[in-house]
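Each chain, written out:
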Amino acid sequence: MQLTYVFSELGNGLRRNISMTVAVITTIFVSLTLVGLGLLLNKQADLIEKYWGDRLQITVFMCAPSSPEANCIEGKANDAQKASVVAVLDGNAEVKNYRFETSEEAFSKFRSLYENKEGETSRAVLESVSATDFPESYWVTLKDPQKFQGVKSEVLGLKGVSEVRDLRDVLKPLYTIISGLQFGAIGVAAFLVIAAILQVGNTIRLAALARRREIGIMRLVGASSWYIQLPFLLEALFAALIGVAIASLAIVGFMAVVIYGVLGDSTIVPWVGWGDSVGVMMVIGMLGVAMTLVPTLLLTRKYLQV
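Note that this is a predicted model, so its numbers are computed, not measured.

A. Examining empty space enclosed by the protein more closely. Applying the stated criterion to the full structure yields two cavities of 30 Å³ or more. Of the volumes computed, that of the largest cavity is approximately 90 Å³. In this structure, the largest cavity is lined by Thr21, Val24, Val200, Thr203, Ile204, Glu235, Ala236, Ala239 and Thr296. Taken together, the elements giving at least two residues each to the lining of the largest cavity come down to α2 (18-53), α7 (167-210) and α9 (225-262). Residues of the lining of the largest cavity, tallied by class, amount to five nonpolar, three polar and one charged.

Below you can see the structure in the form of structure tokens.
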């Protein structure tokens, strides 16, 4: 096989179809970047779920003097009612441990949020409440954070219990946002991947039509299909590698600027790291090569039959 001819045809093909090649590279770059971001968001969602899953608690709020719930018609929870809650928590196999928080401790936590804020509103809020306005509570940690319904249903029906709050309700908006971004990125990326495959096919068709005289002559002199197809495959591989390289640089830039730059100081949740980004770049690398070489192999068999 004369490699000189193959690489010569590769250069000629790129020059003839430079605009189409640039369009293919751009589409591959955008689609693979979105695929990579979608994979990183998926990994981030898993990290958040695992991180908070180990820390998710349910909070059992006892009745305060001003609680309006039906269980609180007797006013503030008494010692007997608190003892019944303790008995349930001690006897439930799903409970890992729990702690009791007094009204004074709850008020102290509330006050710490407002006392460092300036303005009349903050001062008015602090002056309008006292420790007696805050209910006593039990903060319960479960052995398996996913198995909380049993404890919740047992405790919620007890007298003296005003509310049982699950931290999942607090974190639900965060999960919703991440899921929306995740599926949005993957959906748009899937659309662009299809567009890139169609552009590859269109490029191959135009290249084959432009070289149909040469292909016919090569067929007449007994050139093999692989010998004819190889320049087309190399063109597709060239576009794929450039697109993958630019997409990988975009992922690196996202990690450096957003994750380690903007979010690096945040300790609310663990963030994806360089190891995760390397794994994503390997995936988009394989996907980029596959989405160009596979349609090229299939389409050249059709358009090179002259």
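From this point on, the discussion continues.
B. Expanded view of the side chain of glutamate 136. With respect to the element layout, glutamate 136 can be found in the loop between α5 (120-128) and β3 (137-142). A polar atom in the side chain of glutamate 136 sits 3.2 Å from the side chain of lysine 82. If we ignore the near neighbours within four places in the chain, the residues touching glutamate 136 are Val60, Phe61, Met62, Lys76, Lys82, Phe100, Glu101, Thr102 and Ser103.

C. Looking closely at the pairing of strand β1 (residues 57-62). Of all the six residues making up β1, six are buried; the element is thus mostly covered by neighbouring parts of the structure. Two strands pair when backbone bridges link them, and β1 and strand β4 (residues 161-166) are joined in this way by five bridges, in the antiparallel orientation. Counted as the bridge partner of isoleucine 58 is aspartate 166 from β4.

D. Broad picture of the confidence of the model for the protein chain. Per-residue pLDDT for the protein chain has a mean of 77; in total, 73% of the residues score no lower than 70. Per-element averaging of pLDDT across the protein chain places helix α1 (residues 3-16) at the bottom with 58 and helix α3 (residues 79-91) at the top with 89.

E. Local environment of the environment of tryptophan 274. Counting through the fold element by element, tryptophan 274 comes out in helix α10 (residues 274-303). Note on tryptophan 274: relative accessible area 37%, which makes it partly exposed. For the pair tryptophan 274 and isoleucine 259, spaced 15 residues apart in the sequence, the C-alpha separation amounts to 9.8 Å. The residues contacting tryptophan 274, other than those within four sequence positions of it, are Val252, Met255, Ala256 and Tyr260.

What counts and what doesn't
- Residues numbered from 1 in each chain as written.
- Predicted model: local features only at pLDDT ≥ 70, side-chain atom pairs only at ≥ 80, totals over all residues.
- Heavy atoms only, no water.
- 1 Å grid on protein atoms, 1.4 Å probe; cavity = no way out; pocket = protein on both sides within 12 Å on 5 of 7 lines; lining within 4 Å.
- Points joined across faces, edges and corners; volume = space filled by probe spheres on them.
- Helix = DSSP H or I, 4+ residues; strand = E, 2+ residues; numbered from the N terminus.
- Nonpolar A, V, L, I, M, F, W, Y, C, P; charged D, E, K, R; others polar.
- Polar contact = N/O pair within 3.5 Å; in protein donor to acceptor, adjacent residues only side chain to side chain.
- Contact = heavy atoms within 4.5 Å.
- Buried < 20%, exposed > 50% of the residue type's maximum accessible area, 1.4 Å probe, protein only.
- Pairing = 2+ DSSP bridges.
- pLDDT = per-residue confidence, 0-100.

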